[in-house]
Amino acid sequence: MSIHNEDPFATPRELRDPVRRLRGHLPAPVTVWTSAGAGRRDGWTISSVLVGEGDPAELVALVDEDCDWWDLCRATGTATVNVLAHGQGRIADAFARVAPSPGGPFRTGDWTAGPYGPRLDGAAAWVGVRLVDAAPPHAGWGLLIRATIEELELAGDVEPLGHRYGRYS
């Protein structure tokens, strides 16, 4: 038995989608967007996020239209964007539904109810947003979500989590 640095099940480099490889070259934030309403709460990990300065400022994100969270967000019109902190990769994986979280993803981490959706304790930042359009256009395979920033809180000296080349940093 030997230990390798590479994933033995990974697709060989020459067979990988070049667009996905390009995305891997670009450092990405790690956020979990959460919403709550009608006795339900849900969330989704989103790394395709941009900040648009202005009055009002906006967050723009690419979202999988088939994720369960999107239906709840569209119904409520609001979300909390939790900017994950260094060391919170397990939470990102739980909300991306790529790692187990018995009892649901909100069992991973400590969460507090907020006016826009659940807030993760220990996150690097929290952003309360309101959807601009509940029927956004597509960009590639995702929906191009625009949301105005209504509330913003930075956690001070907390290092945000990043994602690059398929790894957290």
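One can find the structure itself at the top, above this paragraph.
Read on for an overview of the structure. (Residues numbered from 1 in each chain as written. Predicted model: local features only at pLDDT ≥ 70, side-chain atom pairs only at ≥ 80, totals over all residues. Heavy atoms only, no water.)

## Structural notes on the sheet that holds strand β13 (residues 167-168)
Taken together, three strands build an open sheet; the order of strands is β1-β12-β13 and the sheet is antiparallel. If you trace the sheet from one side to the other, it starts and ends with β1 (28-29) and β13, each paired once. Pairing of strand β12 (residues 162-164) with β13 involves two bridges; the strand directions are antiparallel. Paired with Arg-164 across the two strands is Arg-167, which belongs to β13. (Pairing = 2+ DSSP bridges. Helix = DSSP H or I, 4+ residues; strand = E, 2+ residues; numbered from the N terminus.)

## A look at the pairing of strand β11 (residues 142-154)
In terms of strand pairing, strand β5 (residues 58-63) meets β11 through six bridges, oriented antiparallel. Bridge pairing in β11 links Glu-58 to Thr-148. In the sheet, strand β9 (residues 125-131) pairs with β11 via seven bridges, with the strands oriented antiparallel. Across the sheet, residue Ala-125 finds its bridge partner in β11, namely Leu-154. Where strand β10 (residues 138-139) folds back on β11, the antiparallel hairpin that results is connected by two residues, among which Gly-140 adopts a positive phi of roughly 65 degrees.

## Thoughts on the side chain of Glu-58
Looking at where Glu-58 falls in the secondary structure, it is placed in strand β5. A distance of 2.7 Å separates the side chain of Glu-58 from the side chain of Arg-146, its partner in a polar contact. Residue contacts for Glu-58: discarding those within four places in its chain leaves Leu-50, Val-51, Gly-52, Val-132, Arg-146, Ala-147, Thr-148 and Ile-149. (Polar contact = N/O pair within 3.5 Å; in protein donor to acceptor, adjacent residues only side chain to side chain. Contact = heavy atoms within 4.5 Å.)

## Looking at unusual backbone geometry
Residue Pro-56 follows Asp-55 across a cis peptide bond; omega there is 10 degrees. Backbone geometry places Arg-97, a non-glycine residue, at a positive phi of 65 degrees. Inspection of the secondary structure assignment puts Arg-97 in the loop between α3 (89-95) and β7 (111-112). Accessibility expressed as a relative area gives 37% for Arg-97, which makes it partly exposed. Positioned with a positive phi, Tyr-165 is a non-glycine residue whose angle comes to about 55 degrees. (Buried < 20%, exposed > 50% of the residue type's maximum accessible area, 1.4 Å probe, protein only.)

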